[in-house]
Amino acid sequence: MEARDYQYTFGEEAAARYACARVWIELREFEKRKPDVYLDQLIEVFKAGFMPEYTWVYFRDQRWVQPAGLRLAEFESWRKINLVDHKPETRAWAEFDPPQKEK
């Protein structure tokens, strides 16, 4: 498989969003960053314990198999109240080029 053909997994996507929320919590707390609608909402998802469900609902890839234990009905109720007008974002992309042959 070529590196450029790699498709991230559900676990990788959820882990990236967990990491993003944790970093944003630290930046808001210690560096007093200005509010950011998307990242502040992501913190609320994180604090509510719905990051796997959030990832599944907003970023699901057709190749993923639904993980057991997702609380989708609970998340649906929660998001109708807490994520009104939410616009999911992806702010980082990883691209890998094949290694260059040495001259």
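Shown above is the structure to which this text applies.
Along every chain, residues carry numbers that run from 1 in the direction the sequence is written. For a predicted model such as this one, the threshold for reporting local features is a pLDDT of at least 70, and the threshold for listing and counting side-chain atom pairs is 80 or more; totals across whole chains, interfaces and linings nevertheless cover every residue. Hydrogens are left out, water is left out, and the side-chain values use all remaining heavy atoms of the structure.

1. A few points about the nonpolar core
In globular proteins that are soluble, nonpolar side chains generally tend to be buried together. Counted only if it meets this: Throughout, nonpolar core names a set of buried Ala, Val, Leu, Ile, Met, Phe, Trp, Tyr and Cys residues whose side chains join them through atoms within 4.5 Å. Buried, partly exposed and exposed residues are distinguished by accessible area as a fraction of the type maximum, computed with a 1.4 Å probe on protein chains only: under 20%, between the cut-offs, and over 50%, respectively. Each helix corresponds to a stretch of at least 4 residues labelled H or I by DSSP, and each strand to a stretch of at least 2 residues labelled E; elements are numbered beginning at the N terminus. Any two residues whose heavy atoms approach within 4.5 Å are treated as being in contact.
Counting residues in hydrophobic clusters, the biggest one holds 15 residues, and the most contacted among them are Val45 and Tyr54. If you list the elements that add at least two residues to this core, you get helix 1 (10–30), helix 2 (37–48), helix 3 (51–59) and helix 4 (72–82). The element best represented in this core is helix 2, accounting for 5 residues. Not counting residues within four places of it along the chain, the set of residues in contact with tyrosine 54 comprises Arg17, Tyr38, Leu42, Val45, Phe59, Phe75, Leu83, His86 and Pro88. Phe10, Ala14, Trp64 and Leu70 belong to the second-largest nonpolar core, a separate cluster that totals 5 residues.

2. Overview of the packing of helix 3 against helix 4
Relative placement of two packed helices is described by the angle separating their axes and the distance separating the axes. Note the cut-off: An axis is simply a line fitted to the C-alpha atoms; with a helix, the fit covers only the stretch in contact. Between two such axes, the angle follows the N-to-C directions and lies from 0 to 180 degrees. Here roughly perpendicular refers to angles of 65 to 115 degrees, roughly parallel to angles under 35, roughly antiparallel to angles over 145, and oblique to all remaining angles. In the scheme used here, Gly and all other residues not listed as nonpolar or charged are polar, with Ala, Val, Leu, Ile, Met, Phe, Trp, Tyr, Cys and Pro taken as nonpolar and Asp, Glu, Lys and Arg as charged.
The N-to-C vectors of helix 3 and helix 4 enclose an angle of 80°; their axes lie 10 Å apart at closest approach. By the criterion of interaxial angle, the relationship of helix 3 to helix 4 is roughly perpendicular. Contacts from Glu53, Tyr54, Trp56, Val57 and Tyr58 in helix 3 reach Leu72, Phe75 and Arg79 in helix 4. Across the contact of helix 3 with helix 4, the residue classes tally to 6 nonpolar, no polar and 2 charged.

3. As for the packing of aromatic side chains
For any pair of aromatic rings, the description rests on two quantities: the centre-to-centre distance and the angle between the ring planes. As a reminder, the rule being used: Ring geometry is summarised as follows: Phe, Tyr and Trp rings, the Trp one being its six-membered ring, pair when their centres sit within 6.5 Å, and such pairs are stacked at plane angles under 30 degrees, edge-to-face over 60 and tilted between the two.
A full pass over the atoms with the stated rule returns 11 aromatic pairs. Between the aromatic rings of tyrosine 8 and tryptophan 64, the centroid separation amounts to 6.0 Å while the plane-to-plane angle is 70°, which identifies the pairing as edge-to-face. One end of the pair, tyrosine 8, is in the segment before helix 1; the other, tryptophan 64, is in the loop between helix 3 and helix 4, and 56 residues separate them in sequence. A residue is classified by how much of its surface remains accessible, and tryptophan 64, at 10% relative accessible area, is buried. Their ring planes at 75° and their centres at 5.5 Å tell us that phenylalanine 10 and tryptophan 64 sit as a pair that is edge-to-face.

4. Digging into helix 2
To keep it simple, the criterion reads: How far a helix is expected to stretch is found by multiplying one less than its residue total by 1.5 Å. Under the rule applied, a polar contact is a pair of N or O atoms within 3.5 Å (in protein, one hydrogen donor and one hydrogen acceptor; residues adjacent in sequence only if both atoms are side-chain atoms).
With 12 residues, helix 2 should cover 16 Å at 1.5 Å per step; its first-to-last C-alpha distance of 17 Å lies within 8% of that length. Elements in contact with the buried residues of helix 2: helix 1, helix 3 and helix 4. One side-chain oxygen of the residue at the start of helix 2 lies 3.2 Å from the amide nitrogen of tyrosine 38, identifying that residue as aspartate 36. Positive phi appears at glycine 49, one or two residues downstream of helix 2, with a value of about 80°.

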